[in-house]
Amino acid sequence: MSNQSILILSILIPLIGGIGISLLHRAPNLREACTLISSIVLAFVVYSLLPRILSGETVNITFREILPGLALEFNVEPLGMLFACIASGLWIINSLYSIGYMRGNQEKNQTRFYIYFTIAISSSMGIAFAGNMFTLFIFYEILTLSTYPLVAHKQNPEAKSGARIYLGLLIGTSVGFQLVAIIWTYLVTGTLDFTPAGILKGKIDPTVLPILLALYMFGIGKAALMPFHRWLPSAMVAPTPVSALLHAVAVVKAGVFTVLKVVIYIFGIEFLSETGASTWLIWAASFTLLAASIVAITKDNLKARLAYSTISQLSYIVLGAALASSIGILGGGLHIATHAIGKITLFMCAGAIYVATHKTEISDMTGLGRKMPFTYAAFTIGSLSIIGLPPFAGTWSKWYLALAAADTQTWLVIGVYMLSSLLNVWYLLSIVAKGFFAPPSEKSDPSTGTIKEAPLLCVLPPCLTAVGCIALFFFADRVVELLRPIVN
Amino acid sequence: MVDALISHYNYWLIIILMMLGLYVVVSRGNLVKKIVGLNIFQTSVFLLYISLGKVSGGTAPILTGKPEAFSNPLPHVLILTAIVVGIATTALGLALVVRIRESYGTIEEDDILISERSQDASDINGSSA
Amino acid sequence: MNFIMPHLPVLQVAIPLIAAPICVLFTFGGHRKLAWLFTLAVSWVCFLIAGALLSRVLLDTDISYAIGNWPPPFGIEYRVDPINAFVLLIISGISAIALPFARLSVEKEIETDRHILFYTSYLLCLTGLLGVTITGDAFNIFVFLEISSLSTYVLIATGVRQDRRALTAAYNYLILGTIGATFFVIGIGLLYMVTGTLNIADLAERLQPLSDNRVVHAGFAFIVIGMGLKLALFPMHVWLPNAYTYAPSLVTVFLAATSTKVSVYVLLRFLFTVFGPSYGFVNLTLEFVLLPLAIVAMFAGSITAIFQTNAKRLFAYSSVAQLGYMMLGVALSNIPGLMATILHIFNHALMKGALFMALGCVMYRLGTISLGSMKGLGRSMPWTMAALILGGLSLIGVPGTVGFISKWHLILGTLEAGFWPIAILIVASSLLAVIYIWKIVEVAYLENEINQEKTLNEAPISMLAPLWVLVILNFYFGIDADLTTWVARNVAETFLGGGS
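Residues numbered from 1 in each chain as written. Chains lettered and ligands numbered in written order. Predicted model: local features only at pLDDT ≥ 70, side-chain atom pairs only at ≥ 80, totals over all residues. Heavy atoms only, no water.

**Overview of the overall build of chain C**
Selection criterion: Note on conventions: DSSP H or I runs of at least 4 residues are helices, E runs of at least 2 residues are strands, and numbering of each starts at the N terminus. Restricting the calculation to C-alpha atoms gives the radius of gyration, and the globule rule supplies 2.2 Å times the number of residues raised to the power 0.38. Whether a residue is buried, partly exposed or exposed follows from its accessible area with a 1.4 Å probe, protein chains only, as a fraction of its type maximum: under 20%, in between, or over 50%, in that order. Whether two residues touch is decided by their heavy atoms; if any such pair falls within 4.5 Å, the residues are in contact. Values of accessible area rely on a 1.4 Å probe in the Shrake-Rupley scheme; residue burial ignores everything except the protein chains shown. Charged residues are defined here as Lys and Arg on the positive side and Asp and Glu on the negative side; His and the ends of the chain fall outside this count. Charged side chains are reduced to one point each, which is NZ for Lys, CZ for Arg, CG for Asp and CD for Glu.
Looking only at helices and strands, one finds 19 helices and two strands in chain C. For a compact globule of 500 residues, the expected C-alpha radius of gyration is about 23 Å, and chain C comes in at 22 Å, within 12% of that figure. Out of the 500 residues belonging to chain C, those deemed buried represent 68%. Sequence separation of 24 or more characterises 79% of the internal contacts of chain C that already satisfy a separation of 6 or more. When the accessible surface of chain C is totalled, it reaches about 15,400 Å², and 67% of it is carbon and sulfur. Across chain C, 25 positive and 24 negative side-chain charges occur, with their mean positions spaced 10 Å apart.

Okay, here's the thing in C-alpha cells:
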C-alpha cells in the first residue's frame with residue numbers, strides 16, 4: 001500500500017467501522033466484534049506506517065483548497081505519528097474494556113455509544129495527521145461535537161448539564177480564541193501550513209506575540225489550561241470507557257498535541273525563545289499544574305480526582321512547550337505517551353471498581369485491594385508511573401522535562417516539578433493505601449463480603465496497560481528516536 | 001420665505017396627508033381604520049408623483065403641431081400602476097380583515113392580542129393540537 | 001434555440017407570469033396534482049434559464065435587454081450582471097428544490113379546494129422576486145416588489161388551517177410591507193424629481209454631480225428605510241417572526257430562503273450601484289446607522305431565539321440575526337465584507353432552506369413544531385432530525401459548512417477595516433447560535449419520547465430527498481467554495497470599483 005492510501009485509510013477505517021456498527025445494531029455480539037475488528041485493523045494500518053516514518057519518509061496529501069491558501073491537507077510527521085500510534089493502540093484495549101463495562105453496567109443506547117466512539121477516533125486520526133492548522137481545527141471541532149453524545153450518554157439532568165459545560169467551554173474557547181488566532185495568523189502570514197521553523201518569524205511584531213500565543217493556548221481548551229479546565233471534571237459524568245480513552249487519551253492529548261504543534265510549527269521554538277513570548281505561559285502552566293494537584297487532593301470522587309490529576313499532568317506538557325527548548329519538546333512529546341498509558345490504566349481501574357462495587361467515592365473504597373487484587377495492582381503501577389518512579393514509563397518524560405528546565409535555567413520550574421510529584425504521591429498513593437491497608441469499613445453495606453473482581457473484560461485491559469507502563473520504561477528511547485527529527 | 005412656503009403648497013399638502021395616514025395606521029386599533037390610514041398614506045404618494053409631473057402652463061401631451069408646453073406624462077402613467085397596486089393591497093387587506101373577524105370574532109387589535117396571548121400560553125403548556 | 005437565447009432575460013419573468021393565470025385554469029376539473037406538476041415544471045424552466053443567464057454573464061459580458069425594443073433609458077431595461085444572475089439562480093434554484101417537497105406538505109397543511117389558487121399565488125410570488133432582481137428600472141422594482149409582496153401575504157394567510165394566527169401575521173406584514181414599499185416608491189419619486197430618469201444605470205450617472213442635493217439625501221433615506229423594512233433589518237423586523245412561524249411550511253422555506261435576500265440585493269444595488277460608498281452621506285449611513293444596527297441585530301436576534309419554544313419562531317429570530325451578518329458585511333463596504341454578504345445571501349438560503357424544510361417534515365408527521373412536542377424525535381425520525389442538526393451546524397458556522405465560509409470572510413472584512421472588536425462580537429454571536437441549536441439537540445436526542453404508544457414514522461421520501469439535497473449542498477459548498485467565492489469576489493469588485 002502506498003503511504004497516501006494508508007493515511008486516508010486510517011481516517012476512514014473507524015468511520016467504516018461506525019457504519020458497520022449502525023447496521024449491526026440488532027446483533028450486539030456482531031456489533032462488538034465490528035468495533036474490535038476495526039480497532040485492530042486501524043492499529044495495524046497505523047503501525048505499518050511507523051517504520052516508514054522512522055526511516056525518514058514523508059507523506060503528504062492535499063485535497064482541494066477551500067479558501068485561497070487553505071487546503072484540506074494531511075501530512076505525517078513524527079509527533080502526529082506518535083499521537084496516532086497511542087490513540088489507535090489504546091483503542092483496541094479500550095474496545096475490550098468497553099464491552100466489559102457497558103455490558104457489566106447494562107448501559108442503554110450502546111449502539112449510539114459505539115458509533116460516536118468511532119467518529120471520535122476518526123477525528124483524532126485527522127488531528128494527528130493534519131497538515132495545516134485549518135485542517136487540524138476542523139477535526140478538532142468534529143472531535144468536540146462527536147464526543148458530546150458520549151458525555152451526555154446517561155441522559156439524566158446531571159449528564160446533560162455536564163455535557164453542556166463540556167460543549168460550551170470547548171466550543172466557546174475554540175471559536176472565541178482559537179479561531180480568532182487562526183484568522184489572525186492567516187491574515188499576517190497568508191498561510192497556515194505547519195512548517196518546521198514556524199511561519200510567524202519576521203511577519204509579526206514580537207510585542208503582540210504573547211497575545212497571539214495566549215489566544216492559541218486558551219483557545220485550545222482541550223489542553224485544559226486554567227481557568228478553562230472546568231469541562232474535564234464535567235465530562236466525568238460519561239461512562240468510564242469514554243473517560244478512559246477520550247478524556248485521558250484522545251481528547252486531552254489532542255489538546256496538548258495541538259499546543260505542541262502550534263509552538264513548534266506555527267511559532268517555531270527558536271522564534272519563541274528569542275522573543276521570550278512564552279515566559280508568561282511557563283507561569284500559567286506552573287500555576288495550573290500545582291493548583292490542579294491541590295484540588296485533586298480535596299476530591300473524594302475517584303473520577304473527579306483523576307480528572308484533576310489529568311489537568312495537572314497536561315500542564316507538564318504545556319510547560320514543556322512553554323520552555324521553548326528542544327529537550328522540553330521531546331519531554332512533552334514523551335509525556336503524551338507515558339501519561340496516556342498511565343492514566344488510561346487508572347481510569348479503567350476506576351471503572352472496574354465501579355462495575356464490581358458501584359462505588360464512586362474514595363472514602364468508601366477501604367479494603368477493596370484485598371478483594372480485587374488485580375485491579376488494585378494495575379492501579380498501583382499506573383499511579384507509580386504517573387508519579388514518575390522507575391521502573392515505570394513516567395520516569396523518562398519527567399526526566400526530560402526537568403532537564404529542559406535546567407537547560408533553560410528556569411530553576412523554579414524544577415521546584416514546581418518536585419513539589420507536584422510529591423502532591424502526586426499524596427493523592428494517588430493514598431487511594432492505593434486505603435485499598436490495601438485500611439480495614440473494610442464496618443458501616444458499609446452487607447454486600448461488601450460478596451465483592452469480587454469485575455468481569456474479565458474489565459480487569460484484563462488495565463492489567464495490559466499496566467504491563468505497558470513497565471514496557472515503555474525500557475523502550476522509551478524508541479519514542480525519543482521517533483521524535484528527535486522534530487527538534488533537529 | 002413665505003413665498004417659498006406658498007409656492008410649494010402641493011408638497012405641504014402631501015406631507016400633511018402622509019403624516020396623517022401614517023398616524024392613523026399606527027394609532028388606530030381597528031383593523032379597517034388602519035387600512036383607511038394606509039390608503040391615505042398611499043394617496044399622498046400618488047399626489048407627489050402627479051404634482052411633480054405638472055409643468056406650469058403645460059397641457060396634456062397631445063401632439064397638435066403647435067409649439068406648446070407639455071406636462072410630463074410619465075409620472076402619471078407610473079401612478080396608474082401604483083393605484084392598481086394600492087387597490088389590490090386594500091382589497092387583500094379587507095379580505096384578511098373579514099377572515100380575522102370570522103376566526104376571532106373581533107377586528108379590534110387589543111382584543112385579538114388578548115386572545116392570541118392565551119393561545120400562546122396554551123402552546124407553551126404543550127397542549128396544542 | 002438561437003431564436004430564444006437573446007430573449008432569456010424577459011422569459012425569466014414572463015414564463016412564471018403567464019403560467020400563473022394558466023394555473024388557475026386547472027380549477028376546472030380540480031386537477032390539483034396537475035397544478036403542482038405545472039408549477040414544478042415552470043420552476044425548473046426558470047432555474048435552467050437562470051443557470052444559462054449566469055453562465056453567460058460570468059463567461060461573457062453583462063446583458064442588457066430592452067423591453068419592447070424601447071432603448072434604455074426610455075424604455076424598461078432588464079439588466080443582467082453577475083450579482084443579479086446569482087440571486088436569480090438562488091431564487092429559482094430554491095424554488096426548484098422546494099417544489100418536489102411541496103406536494104405532500106401542501107396536501108397536509110392547506111385546505112384542499114385552495115391548492116390550485118395556492119400554486120397560482122406561488123407562481124406570482126416567484127414572478128415578483130425574479131422581476132425585482134432582473135429589472136434595471138427603479139419603478140419596475142417597486143411593481144415587482146408589490147407583486148411578490150401581495151402574493152406573499154396571500155401565501156402566509158393560507159396557513160390559517162394550521163393556526164388562525166396566520167391571518168393576523170399576514171395582516172401585520174401587509175401593513176408594514178406596504179409602508180415599506182411606499183417609502184421605497186417615495187424615494188424613487190424624489191430621485192426622479194432631480195434626475196428625470198428611472199433607469200438604474202442612468203440614475204447612477206446623473207446622480208454623480210448631485211451628491212450635495214437635499215432631495216437626493218431624502219430619497220436615499222426613504223429607500224434605505226423602505227428596504228430595511230422589507231428585509232427585516234433590526235428594529236424593523238417585527239413582522240418577520242410571526243409571518244415565518246404561521247405560514248405553511250413550503251412558504252416559510254421559500255420566503256426564508258429568498259424574499260429577504262432579494263431585498264438585500266435591492267439595497268446593495270442602491271447603495272453601491274446607484275449611490276456608491278464614495279458619497280459622504282452613504283458612508284455615514286453605512287458606518288453610523290447600518291453597522292450598529294447590524295451588530296444589535298446579530299445579538300438581539302440570537303438572544304431572542306434562545307428563549308423560543310416554537311422551533312419555527314426560533315429559526316425566524318435566527319434569520320433576523322443572520323440578516324444582521326449580511327448587513328454587517330454591507331456596512332464594512334470593503335471587498336471581503338461585501339463578499340461575505342453575497343456569499344451569505346447564497347449560503348443562508350441553503351441553510352435556512354434546509355432547516356425550515358426539516359421542520360416541514362416534522363410538521364407533516366407531528367402536526368406541530370413546538371419544541372416540547374419534539375422530544376425524542378431523533379429516534380423516530382432520524383433522517384429529518386439529522387438534517388436539522390447538520391443545518392444547524394452550518395448556521396453556527398462549523399468549518400466544512402457554508403456558514404464557515406461566509407463567517408470567515410466577514411471576520412476578514414472586519415479585520416481589514418480595523419474593527420477587530422467586531423470580529424470578536426461576530427464570534428460571540430456564533431456562540432449564541434450554538435446555544436439555540438443545542439436546545440434542539442437536547443430535546444430531540446436526550447429526552448424520552450412523550451407518547452410511546454403512538455409510533456411515528458420517518459417523513460416520506462419525496463420530502464426527505466429535497467431536504468437532503470439542500471443539506472448536502474450545505475457541505476458541498478462549504479468544502480468546494482471556489483465557484484461561490486469567485487462569483488462573490490467578482491461582484492464585490494464590481495460594486496466597489498464602480499462606486500469609487
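**Comments concerning the overall build of chain B**
Per the secondary structure count, chain B includes five helices and zero strands. Along its sequence from the N terminus, chain B presents helices and strands in the succession α-α-α-α-α. In summary, chain B has a C-alpha radius of gyration of 22 Å against a globular reference of 14 Å for 129 residues, an excess of more than 25%. Taking the principal axes of the C-alpha coordinates as reference, chain B spans close to 75 × 35 × 20 Å.

**Some points on the arrangement of the chains**
By contact count, the dominant pairing among the two pairs of chains in contact is that of chains B and C. The two units chain A and chain B are non-contacting; their minimal C-alpha-C-alpha distance is 21 Å.

**Digging into the interface of chain C and chain B**
The condition is simple: When two parts are brought into contact, each loses some accessible area as probed by a 1.4 Å sphere; the total of that loss over both is the buried area. Criterion for a salt bridge: a side-chain nitrogen of Lys or Arg within 4 Å of a carboxyl oxygen of Asp or Glu. Distance and chemistry together define a polar contact, namely a pair of N or O atoms within 3.5 Å, with one atom able to donate a hydrogen and the other to accept it when in protein, and with adjacent residues in sequence counting only for side-chain atoms on both sides. For this classification, Asp, Glu, Lys and Arg are treated as charged, while Ala, Val, Leu, Ile, Met, Phe, Trp, Tyr, Cys and Pro are nonpolar and the rest, including Gly, are polar.
On the chain B side, the residues contacting the 35 residues of chain C number 41 residues. Across the chain C to chain B interface the summed buried area is about 3,300 Å²; carbon plus sulfur atoms make up 72%. On the chain C side of the interface with chain B, the three residues burying the most area are C:Arg164, C:Arg165 and C:Tyr171, jointly 22% of the side's total. Where chain C meets chain B, there are zero salt bridges. Linking chain C to chain B there are eight residue pairs in polar contact (both at pLDDT 80 or more). Of all the secondary-structure elements, those providing two or more residues to the side of chain C that touches chain B are helix 5 (138–157) and helix 6 (165–195) of chain C. Counting residues per element, the side of chain C that touches chain B draws most heavily on helix 6 of chain C, at 18 residues. Across the side of chain C that touches chain B, the residue classes tally to 22 nonpolar, eight polar and five charged.

**Thoughts on unusual backbone geometry**
All names here are of chain A. Backbone torsion omega between Met-226 and Pro-227 reads 5°, so that peptide bond is classified as cis. In this fold, Pro-227 is placed in the loop between helix 7 (209–219) and helix 8 (231–234). Residues Pro-390 and Pro-391 are joined by a peptide bond in cis, for which omega reads 0°. Within the secondary structure layout, Pro-391 lies in the loop between helix 15 (373–387) and helix 16 (394–407). The residue Ala-224 is not glycine, and still its phi comes out positive at about 55°. In this structure Ala-224 comes out as buried when scored by relative accessible area, which is 0%.

**Details of the environment of A:Leu456**
Residues and elements named next belong to chain A. Within the element layout of this structure, Leu-456 appears in helix 18 (residues 456–487). When its relative accessible area of 65% is taken as the criterion, Leu-456 is described as exposed. Sequence-wise, Leu-456 and Phe-113 are 343 residues apart; in three dimensions their C-alpha atoms are separated by 21 Å.

**Looking at the pattern of salt bridges**
Residues and elements named next belong to chain A. Evaluated as defined, the whole model comprises twelve salt bridges over all chains. Arg-31 is the partner of Glu-32 in a salt bridge, and the nearest nitrogen-oxygen pair spans 2.8 Å. When sorted by exposure, Glu-32 lands in the same class as Arg-31, which is buried. Across the salt bridge formed by Glu-77 and Lys-261, the nearest N and O atoms sit 3.0 Å from each other. One end of the pair, Glu-77, is in the loop between strand 2 (70–76) and helix 3 (78–105); the other, Lys-261, is in helix 9 (residues 240–267), with 184 residues separating them in the sequence. Neither residue differs from the other here; Glu-77 and Lys-261 are each classed as buried.

**Digging into the nonpolar core**
For the record, the criterion: The nonpolar core is taken to be a set of buried Ala, Val, Leu, Ile, Met, Phe, Trp, Tyr and Cys residues, with the residues joined through side-chain atoms within 4.5 Å. An automatic or database domain assignment provides the domain bounds reported here.
Counting 430 residues, the largest nonpolar core has C:Phe270, C:Phe275 and C:Met374 as its most contacted members. Each of domain 1 (1–263) and domain 2 (278–488) of chain A contributes no fewer than three residues to this core. Setting aside its immediate chain neighbours within four residues, C:Phe275 contacts C:Leu191, C:Leu207, C:Val216, C:Phe220, C:Phe270, C:Phe281 and C:Val282.

**Points about helix 9 (residues 239–246) of chain C**
With seven of eight residues buried, helix 9 of chain C lies mostly within the body of the structure. The set of residues buried in helix 9 of chain C consists of C:Trp239, C:Leu240, C:Pro241, C:Ala243, C:Tyr244, C:Thr245 and C:Tyr246.

**Section: helix 16 (residues 402–416) of chain C**
For the record, the criterion: Each residue after the first adds 1.5 Å to the expected span of a helix.
Its 15 residues place the ends of helix 16 of chain C 21 Å apart at the C-alpha level, agreeing with the 21 Å of an ideal helix rising 1.5 Å per residue. Positive backbone phi, approximately 85°, marks C:Gly418, located one or two places after helix 16 of chain C.

**A few points about a nonpolar patch on the surface**
Which entries qualify depends on this criterion: Excluding any residue in a salt bridge, patches collect residues exceeding 30% relative accessible area, merging like charges within 9 Å and nonpolar Val, Leu, Ile, Met, Phe, Trp and Tyr side chains within 5 Å.
A surface patch of nonpolar side chains, about 940 Å² in accessible area, is lined by B:Met1, B:Val2, B:Leu5, B:Ile6, B:Trp12, B:Ile15, B:Ile16, B:Met19 and B:Leu20. If you trace the backbone, B:Leu5 turns up in helix 1 (residues 2–7).

**Observations concerning the environment of C:Ile90**
All names here are of chain C. For Ile-90, the position within the fold is in helix 3 (residues 82–109). Judged by relative accessible area, which is 6%, Ile-90 ranks as buried. Taking C-alpha positions, Ile-90 is 28 Å from Pro-73, a pair spaced 17 residues apart along the chain. The contacts of Ile-90, once residues within four sequence positions are left out, are Ala-257, Ile-345, Phe-346 and Ala-349.

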